[in-house]
Every structure is written in C-alpha cells, then in structure tokens.
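# Summary of structural features
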Amino acid sequence: RGCEPRWHVASRAAADMSRIEELTREIASHAQRKQLSSALSVYDTIKREGLRPSSYTFSALINAHVTSGKTEAAQALLAEMVAAGFAPNTVVYTTLLKGHCAAGDLAAARDVLEDMARQTPPVRPDARTLNTYMRGCVRVGDLAAARWAFGMLDGAWRLAPSEAATVAHGRLL
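One structure accompanies this document, and this report is about it.

About the cut-offs
Residues numbered from 1 in each chain as written. Predicted model: local features only at pLDDT ≥ 70, side-chain atom pairs only at ≥ 80, totals over all residues. Heavy atoms only, no water. Core = buried A, V, L, I, M, F, W, Y, C linked by side-chain atoms within 4.5 Å. Buried < 20%, exposed > 50% of the residue type's maximum accessible area, 1.4 Å probe, protein only. Contact = heavy atoms within 4.5 Å. Helix = DSSP H or I, 4+ residues; strand = E, 2+ residues; numbered from the N terminus. Phe/Tyr/Trp six-rings, centres within 6.5 Å; stacked < 30°, edge-to-face > 60°.

Residues I27, I62, L130, Y133 and W157 are the most contacted members of the largest nonpolar core, which totals 46 residues. The contact partners of L130, leaving out residues within four places of it in the chain, are A149, L153, W157, L159, P161 and A165.

Here it is, written out as structure tokens:
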C-alpha cells in the first residue's frame, strides 16, 4: 500500500467504508428480527475481510445482543467498542439499559446510567433513556429507583421528564 497512488488508496478507503455500511445495515436488520447468530456471522465477515467496524457497527451488534436477551455479552461489546477507539453515545447506553431493565436488573441499569455520567465529557440521558429506566422500575416495582432517577433530572441530567416517565412514576406511587 505504501507505493500506491493516493487516489487508489482513497478509492479503497471509500470502498471499505461503503462495505462496512452495507454489513452494518445487515447486522441492524438481523437485530430487529432477533437473529443474533446471523448478526454475529455478518460481524465475522467484517473481521474476515479485514475491515474496521464503525461505531454504528458496534451499536447495531450491541442491539442484536440486547434484543436476543444477551445483555452481558452486549456489555462486553461496549468494552470492545471503547477499546477500538469509539465513545459510546446515548443510543448505545440506552440500548444496554433496555437489556438490563428487561431482565429486571435495575442495579446493572443504574450502573449504566452512572457510567454515562463518568464519561469525558459526560453522556447525558435523554427522554428515551429515562423512559426506558422508568419502564424497568415499573416492571420490578422499584419506587426507590424511580425516585433516584427523578432526583437526577434537575441536577446532573438537566432533563425534563416526558409524559411517559411521569405516568410511570405515578404508577409506582
């Protein structure tokens, strides 16, 4: 590659990017259908072809794990994503949160929220993040967890609760 003309290297980079986008869309499609093994097969294709996964690739693969109930593996992928040089965003964290809440593990869900705050810069939850957490609180009937979240709204999160979050809080009360 060192002796190739610049246009050729740029052309290959564009082709690689296009291929990653195509494969990432496949992973996302498998995630929607809860087809984890198919998503993992596509991820193996990325590795086999010597391509570098994008942050979107990791996000789609994390979602594939979460929708298939494999939240611990999704958590491990988050570490792989960070090691690859990508900073997780609110969407990625909310996806992990969804997995923990669906499993009724509010302690792990709170850990995700606290991990968001520890990032530099901090990753602030949005309305969807709060709604996801509140659904988890309702699922297990944890009023204390819901109160903790509502206590974070005016402070670190600087977030107004949506109607869905307020209704969930009211159901717990």
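Read on for the rest.
What follows covers the environment of L23. By the secondary structure assignment, L23 is in helix 1 (residues 6–32). For L23 and T57, which are 34 residues apart along the polypeptide, the C-alpha to C-alpha distance reads 8.1 Å. Other than its neighbours up to four places away in sequence, L23 contacts V42, T45, I46, E49 and L51.

Further remarks concern the packing of aromatic side chains. Considering all chains together, one arrives at 4 aromatic pairs under this definition. Plain terms: the ring middles of F58 and F86 are 6.0 Å apart, the flat faces sit at 55° to each other, and that makes the pair tilted. Of this pair, F58 sits in helix 3 (residues 55–67) while F86 sits in the loop between helix 4 (71–83) and helix 5 (90–102); the two residues are 28 residues apart in sequence, bridging distant segments of the chain. Here the two residues F58 and F86 agree in accessibility, since each one is buried. Taken together through their ring pairs, the aromatic side chains of Y43, F58 and F86 make up a single cluster.

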